[in-house]
Amino acid sequence: MENLESKLKALPTPLVKLESSFLKNHKISLYVKRIDLIHPHISGNKWFKLYYNLLEAKNLGKNTLLTFGGTYSNHIYATAAAGNEYGFNTIGIIRGEEYLPLNPTLKFAEDCGMDLHYINRTQYRNKAKVVYITELKNTFGDFYLLPEGGTNSLSVKGCSEIIGKIDIDFDYICTPCGTGGTLAGLIFGLNSRCKAIGFSVLKGGEFLINDVKNLLYNYKINQYNNWEIKFDYHFGGYAKITKELIDFVKVFEKNYGISIEPIYTGKMLFGIFDMVKNNYFQKKSTIIALHTGGMQGLKGLQNKIDKYVTIS
Ligand SMILES: *Cc1c(COP(=O)(O)O)cnc(C)c1O
């Protein structure tokens, strides 16, 4: 029988150089690391975050994965796909009420066999509490718990391996931040070389600094200071968009031929271009921007986006 590790085959994740007179004039080399291409459904950073967790669940003999997320969550989508492909039952605890018909994210999750349960926002705040997890075990039986966004020590370890997949020298590596798990992994993987920059996609995301420190502390490494988080590019908060952001995304796609979404990667790239313009980066720097994937989430935003699209 094939074991799980040999089944977890990743697709190539090309490093694509962006060519433009703007970047050339600022003497900046900017590359997009296409981890969005690593798997058709377990997209981008979610692949790296799930990798060691799936192996751990298998090692512990767990047949069921349980996790949490919003109604358009990339993590819910990826976990459902992983369960389907690698032989786990999956339970998704969803924030909010059930709406029928299911939106495309939850429809996909259910089609993958995920068992969906809905809890209100107040209940959702208890999602990491021991009493609540115990209650869930009483209801659903034994499971392997993946926290919201899949962020835990094993996902930090998984994301640290993104660094090893970049085969050029660079000065900066950038990622969007939701829970900070991916950023913590990059910092761990850099091991004091270069600099990691996270872009908060949340309004009031300042708590991310402590969360990232705590994640690194699990590896007994809290002395790194080659990283920072930018808080100026959330565009009003999670999944909030503006015309300026959508225009940027459309122009970016047209100029560079890479599809992005405005919830995560679009906000980060807007930030990077703005920082290049403001000469934040030293001349002749090489920057890596992670395309963390999440294209499935676009479906949930399409109506909002259409309102802003004035260029084609
Ligand atoms: C989940 C997600 C992120 C955020 O990752 P964190 O590790 O939670 O900070 C970034 N980009 C995409 C596309 C995601 O789906």
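Residues numbered from 1 in each chain as written. Predicted model: local features only at pLDDT ≥ 70, side-chain atom pairs only at ≥ 80, totals over all residues. Heavy atoms only, no water.

Visitor: Kindly report on the overall build of the protein, identifying the contributing residues and their values.
Guide: When you go through the protein residue by residue, the secondary structure sums to 13 helices and ten strands. Against the globule reference of 20 Å for 312 residues, the protein gives a C-alpha radius of gyration of 19 Å, in line with a compact fold. Along the first, second and third principal axes, the C-alpha atoms of the protein reach 60 × 45 × 40 Å. Within the protein, the proportion of its 312 residues that are buried is 54%. If you sum the accessible surface of the protein, you get close to 14700 Å²; carbon and sulfur atoms cover 49% of it. (Helix = DSSP H or I, 4+ residues; strand = E, 2+ residues; numbered from the N terminus. Rg over C-alpha atoms; globule rule 2.2 N^0.38 Å. Buried < 20%, exposed > 50% of the residue type's maximum accessible area, 1.4 Å probe, protein only. Areas by Shrake-Rupley, 256 points an atom, 1.4 Å probe, with all protein chains shown as cover.)

Visitor: An account of the site of the ligand is needed here, citing residue identities and associated values.
Guide: Lys46, Lys49, Thr179, Thr182 and Thr292 are the nearest of the 15 residues found near the ligand. Taking asparagine 45, its side chain carries an N or O atom lying 3.0 Å from an oxygen atom of the ligand. When the ligand sits alone it has 390 Å² of accessible area, and the protein chains cover 97% of it. Secondary-structure elements contributing two or more residues to the shell around the ligand are α3 (45-59), β7 (172-177) and α9 (181-190). Here the element with the most residues in the shell around the ligand is α3; it accounts for three residues. Per-domain counts for the shell around the ligand show at least three residues from each of domain 1 (4-41 + 159-306) and domain 2 (45-150). (Near = heavy atom within 4 Å. Polar contact = N/O pair within 3.5 Å; in protein donor to acceptor, adjacent residues only side chain to side chain. Domains from an automatic or database assignment.)

Visitor: Describe unusual backbone geometry, with residues and values.
Guide: In terms of backbone geometry, most residues other than glycine have negative phi values and most peptide bonds are trans. In this structure, proline 101 follows leucine 100 across a cis peptide bond, with omega equal to -5°. Here proline 101 is to be found in the loop between β4 (89-95) and α5 (104-111). One non-glycine residue, lysine 27, adopts positive backbone phi at about 55°. Unlike most non-glycine residues, asparagine 191 shows phi in positive territory, near 50°. Secondary-structure assignment places asparagine 191 in the loop between α9 and β8 (195-200).

Visitor: Tell me about the pattern of salt bridges, and please be specific about residues and values.
Guide: Counted under the stated rule, the structure contains ten salt bridges. With its nearest N and O atoms 2.8 Å apart, the salt bridge here joins arginine 34 to aspartate 36. Judged by its relative accessible area of 14%, arginine 34 is buried. Assessed through its relative accessible area of 10%, aspartate 36 is described here as buried. Where lysine 127 meets glutamate 148, a salt bridge forms, and the shortest distance between an N and an O atom there is 3.8 Å. Of this pair, lysine 127 sits in the loop between α6 (121-124) and α7 (130-140) while glutamate 148 sits in the loop between β6 (144-145) and α8 (153-160); the two residues are 21 residues apart in sequence, bridging distant segments of the chain. (Salt bridge = Lys/Arg side-chain N within 4 Å of Asp/Glu carboxyl O.)

Visitor: Describe a positive patch on the surface, with residues and values.
Guide: Taken together, the side chains of Lys203, Lys240, Lys304 and Lys307 define a basic patch exposed on the protein surface. Inspection of the secondary structure assignment puts lysine 240 in the loop between β9 (227-230) and α11 (243-256). (Patch = residues over 30% accessible without salt bridge, like charges linked within 9 Å, V, L, I, M, F, W, Y side chains within 5 Å. Lys, Arg positive; Asp, Glu negative; His and termini not counted. Charge placed at Lys NZ, Arg CZ, Asp CG, Glu CD.)

Visitor: Lay out the sheet that holds β6 in plain terms, naming residues and giving numbers.
Guide: Taken in spatial order, the four strands make up an open sheet running β5-β4-β3-β6, and their pairing is parallel. Looking at strand neighbours, the two that pair on one side only are β5 (115-119) and β6, the edges of this open sheet. (Pairing = 2+ DSSP bridges.)

Visitor: Requested: an account of the nonpolar core, with residues and values cited.
Guide: Core analysis: the largest hydrophobic core is formed by 57 residues, its most contacted members being Leu54, Tyr86, Ile173 and Trp227. It is α3 that contributes the most residues to this core, eight residues altogether. When residues are assigned to domains, this core turns out to be shared by domain 1 (4-41 + 159-306) and domain 2 (45-150), each giving three or more. In contact with isoleucine 173, other than residues within four places in its own chain, are Ile163, Ile166, Leu186, Leu190, Lys195, Ala196, Ile197, Ile288 and Leu290. (Core = buried A, V, L, I, M, F, W, Y, C linked by side-chain atoms within 4.5 Å. Contact = heavy atoms within 4.5 Å.)

In short, the description is geometric, and any link to function would need to be established separately.
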